[in-house]
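The lines below spell out each chain.
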Amino acid sequence: MEDFWAGVLWALRIWLYLIISLIMIPAMFGFSLGISETYMTILVKTLEWATLSIQKANAEEEKVNASASNGLIQREGGSMEKELEELRRSRPKPPEGGDFTLSDCFYFSRRGIESIVDDEVTQRFTSEELVSWNLLTRTNNDFQYISLKLTLVYGLGIFVRYCILAPLRITLACIGLTWLVIGTSAVGFLPNSRVKFWLSEWVHVMCYRICARGLSATIHYHNRENKPKKGGICVANHTSPIDIVILCNDGCYAMVGQVHGGLMGILQRAMVRSCPHVWFERSEMKDRHLVTKRLKDHVNDKTKLPILIFPEGTCINNTSVMMFKKGSFEIGATIYPVAIKYDPKFGDAFWNSSKYSMVSYLLRMMTSWALVCNVWYLPAMHQQEGEDAVHFANRVKSAIAHQGGLIDLQWDGGLKRAKVKDTFKEQQQKKYSSMVVGDDSSGNSD
Amino acid sequence: MGSRASTLLREEEIEEIKKETGFSHSQITRLYSRFTSLDKGENGTLSREDFQRIPELAINPLGDRIINAFFPEGEDQVNFKGFMRTLAHFRPIEDNEKNKNLPASEPLNSRTNKLLFAFRLYDLDRDNKISRDELLQVLRMMVGVNISDEQLGSIADRTIQEADTNGDSCISFQEFMKVLEKVDVEQKMSIRFLH
């Protein structure tokens, strides 16, 4: 019996040594031994092979499914004016009493039914649909029996993901997070000096690198020359809390957010000791002036790190960018836009917060194949003269959407939980009214 | 999610819906997956709130009327079959369907049924007549507060005058069809469903 425990202890020791020497040390200093690269090559090959065999197995079905990723219906993008014009072509405009025909409701019915079948907003809050199965059982393409070979590979995949990768990644994440707490707390005791800043940055980046390895993250950074500089605000599209790990692998940011309890709270308290993050109490968050003021103070201090903000305010499924809240664009600081796009083939990075808790989300991530993502640094943007914060926010959003290959949506991400405001409906009614009675008289009745 | 959802839908049910609505097998399974994602109560039926949660529908001036079209009188839940039956009104009319001359019953996406869908948007009390009052109420939904009562009243009067042939100051379905006989209903009340 004693032999057995000694054996277990010995195995554990070897396991830890291996992790430390092969992963931790390289991660600390930011170089790579090529293990993850090899893993990625094998993975890409396997998935390519799987896709090929799936296609071969249902060659004729595939044709039907080709359109599957494009949605259920094809919308006609005509504006209200154009469509109503067409509807009214069949009858002459009456001389008086306003222009209305019974067929006007056709336009609204068609639009309504279209949105029931396939709308732009709600589907952004559920996982992205994939074109072909990626040997994971958690997307729209569930387990499919195609051939014995493929099933064997799938089984092997389960073994590798759950029995080898998952324990490894969990160990790494634990080490990374513990390091972060210990490291930042220790650095916090040092007096304010350049050494402290430097050390704090090193500790942060190191821990995030270890965490990133814990997710097998392969991150491609583009246009590094546009990296956010001190005294600015970095804005990015938001898919999951992992976005922070991804961005911080390449440099440090000051975080803005609400003070949390539990594990997050411990992390936040430790981090704020070594470098100035901006945490708010829940009650303070409501006071917009206070928030703006503290952000302004932070930005004006050129020695402090750039602030990282996700202006969408909620996680979107990585197919689109939704409305940017104007708050961070009112401060008047330089904005450094960043576009983040995950590759859905290797695992779904989207955190569906209404469905999964943080921990179960992380476990899903750690049992996925890998996390592959592209990060584009966009050139700094400034508010133009005469441009208000809302327009500026929209301009930045479009730039990010364009660069990341994401759909640019006007809708508010807050619709995930809240109902749409009545003013949007009023806009539609106003537009229609002006079609009925003409612009001038609608102006009078306001 | 798609195929996971489709496993809950029995093959016979799919066949039945296919026959009744004319949707293809893959359209049915995909619409079923949409149905389940709208079904926040996860009880296999949709309520009015489930529909209202779609922002684009919530801002549609006739959104409430359209939602209402899914619910038979007196009911406040719609199951997948009922959901599909209403959607089927918006299937385009295909060439081969035109020539088939089905003797049994008219397909849901026929010109008449499409018009009936539109007619019922106006017919609030489901008495198969559009009264001046009903027309005014629907007009008010469409224009909001932007047009005065008098102006809307004269629009309603004129519309009824134009359509009414038997002098009862209401629009019956026959009169409704007559007024819209030149309109390309087949195209305007159709959605391009992909395979």
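Every value quoted in this text rests on a predicted model; they were computed, and no experiment measured them.

About the cut-offs
- Residues numbered from 1 in each chain as written.
- Chains lettered and ligands numbered in written order.
- Predicted model: local features only at pLDDT ≥ 70, side-chain atom pairs only at ≥ 80, totals over all residues.
- Heavy atoms only, no water.
- Helix = DSSP H or I, 4+ residues; strand = E, 2+ residues; numbered from the N terminus.
- Buried < 20%, exposed > 50% of the residue type's maximum accessible area, 1.4 Å probe, protein only.
- Contact = heavy atoms within 4.5 Å.
- Areas by Shrake-Rupley, 256 points an atom, 1.4 Å probe, with all protein chains shown as cover.
- Lys, Arg positive; Asp, Glu negative; His and termini not counted.
- Charge placed at Lys NZ, Arg CZ, Asp CG, Glu CD.
- Polar contact = N/O pair within 3.5 Å; in protein donor to acceptor, adjacent residues only side chain to side chain.
- Pairing = 2+ DSSP bridges.
- Axes fitted to C-alpha atoms, helices over the stretch in contact; angles between N-to-C directions.
- Domains from an automatic or database assignment.
- Salt bridge = Lys/Arg side-chain N within 4 Å of Asp/Glu carboxyl O.
- Nonpolar A, V, L, I, M, F, W, Y, C, P; charged D, E, K, R; others polar.
- UniProt positions renumbered as here; feature names shortened; annotations may be inferred.
- Buried area = accessible area lost by both parts, 1.4 Å probe.
- pLDDT = per-residue confidence, 0-100.

Draft legend 1. The arrangement of the overall build of chain B in detail. Helix and strand content of chain B: 13 helices and five strands. Over its C-alpha atoms, taken along the principal directions, chain B stretches across nearly 55 × 40 × 30 Å. By residue count, 49% of the 195 residues in chain B fall in the buried class. Nonlocal contacts in chain B, meaning residues at least 24 apart in sequence, comprise 57% of its contacts between residues at least 6 apart. Accessible surface, chain B as shown: approximately 9500 Å² in total, 48% of it carbon and sulfur. Averaging the locations of the 27 positively and 34 negatively charged side chains of chain B gives two centres separated by 6 Å.

Draft legend 2. How the structure looks around the environment of Asn 146 of chain B. Inspection of the secondary structure assignment puts Asn 146 of chain B in the loop between helix H10 (132–143) and helix H11 (149–163). In the structure, Asn 146 of chain B is positioned eleven residues away from Leu 135 of chain B in sequence and 17 Å away in space, judged by C-alpha atoms. Among the polar contacts made by the side chain of Asn 146 of chain B, one reaches the side chain of Ser 433 of chain A at a distance of 3.4 Å. At 2.9 Å, the side chain of Asn 146 of chain B forms a polar contact with the backbone oxygen of Val 143 of chain B.

Draft legend 3. Inspection of the sheet that holds strand S5 (residues 278–280) of chain A at higher detail. All names here are of chain A. Here seven strands make up an open sheet; going across it, the order is S2-S9-S8-S3-S6-S4-S5 and the pairing mixed. Each having just a single partner strand, strand S2 (217–222) and S5 make up the two edges of the open sheet. Pairs of neighbouring strands in the sheet enclose a mean axial angle of 25 degrees, with direction left out of account. In terms of strand pairing, strand S4 (residues 254–258) meets strand S6 (residues 307–309) through two bridges, oriented parallel.

Draft legend 4. Local environment of the domain arrangement of chain B. All names here are of chain B. When its domains are assigned, chain B resolves into domain 1 (11–89) and domain 2 (106–189). For domain 1 versus domain 2, the distance between C-alpha centres works out to 24 Å. At the junction of the two partners, domain 1 supplies 15 residues and domain 2 supplies 14 residues. Taken together, domain 1 and domain 2 are joined by zero salt bridges. The interface formed by domain 1 and domain 2 holds four residue pairs in polar contact (both at pLDDT 80 or more) in total. Only helix H2 (11–21), helix H6 (63–68) and helix H7 (80–88) provide two or more residues apiece to the side of domain 1 that touches domain 2. Residues of the side of domain 1 that touches domain 2, tallied by class, amount to seven nonpolar, four polar and four charged.

Draft legend 5. Region of the structure containing the UniProt feature "domain: EF-hand" (unreviewed entry) in chain B. Residues and elements named next belong to chain B. Here the UniProt feature "domain: EF-hand" (unreviewed entry) sits at residues 26–61, 110–145 and 151–186. Along residues 26–61 one finds 61% helix and 6% strand; the C-alpha atoms at either end are 32 Å apart. As annotated, residues 151–186 comprises 61% helix and 6% strand, and the C-alpha atoms at either end are separated by 31 Å.

Draft legend 6. Region of the structure containing the interface of chain A and chain B. Chain A puts 64 residues into the contact, and the matching count from chain B is 63 residues. Around 5600 Å² of area is buried between chain A and chain B when both sides are counted, 63% of it from carbon and sulfur atoms. Across the chain A-chain B interface, the total number found is one salt bridge. Our count for the contact surface shared by chain A and chain B stands at 13 residue pairs in polar contact (both at pLDDT 80 or more). For the side of chain A that touches chain B, the element with the highest residue contribution is helix H5 (residues 104–117) of chain A, accounting for 13 residues. The residue makeup of the side of chain A that touches chain B, split by class, is 22 nonpolar, 22 polar and 20 charged. Two strands pair when backbone bridges link them, and strand S1 (residues 73–74) of chain A and strand S5 (residues 192–193) of chain B are joined in this way by two bridges, in the antiparallel orientation. Across the sheet, residue Ile 73 of chain A finds its bridge partner in S5 of chain B, namely Phe 193 of chain B.

Draft legend 7. Quick look at the UniProt feature "domain: Phospholipid/glycerol acyltransferase" (unreviewed entry) in chain A. UniProt tags residues 232–343 of chain A as "domain: Phospholipid/glycerol acyltransferase" (unreviewed entry). Spanning residues 232–343 of chain A, this segment combines 33% helix with 24% strand, and its end C-alpha atoms are found 28 Å apart.

Draft legend 8. Region of the structure containing the confidence of the model for chain B. Residues and elements named next belong to chain B. Scored by pLDDT, chain B comes out at a mean of 87, with 91% of its residues at no less than 70. Between residues 1–6, whose pLDDT stays under 50, and residues either more than four places distant or in other chains, the model counts 16 contacts. Taken over the whole predicted complex, pTM reads 0.80, whereas the ipTM for its chain interfaces reads 0.91.

Draft legend 9. Up close: the UniProt feature "transmembrane region" (unreviewed entry) in chain A. All names here are of chain A. Residues given the UniProt feature "transmembrane region" (unreviewed entry) here are residues 14–35, 146–164 and 170–190. The span residues 14–35 carries 77% helix and 0% strand; its end-to-end C-alpha distance comes to 18 Å. Split by type, residues 170–190 is 90% helix and 0% strand. Its first and last C-alpha atoms lie 31 Å apart.

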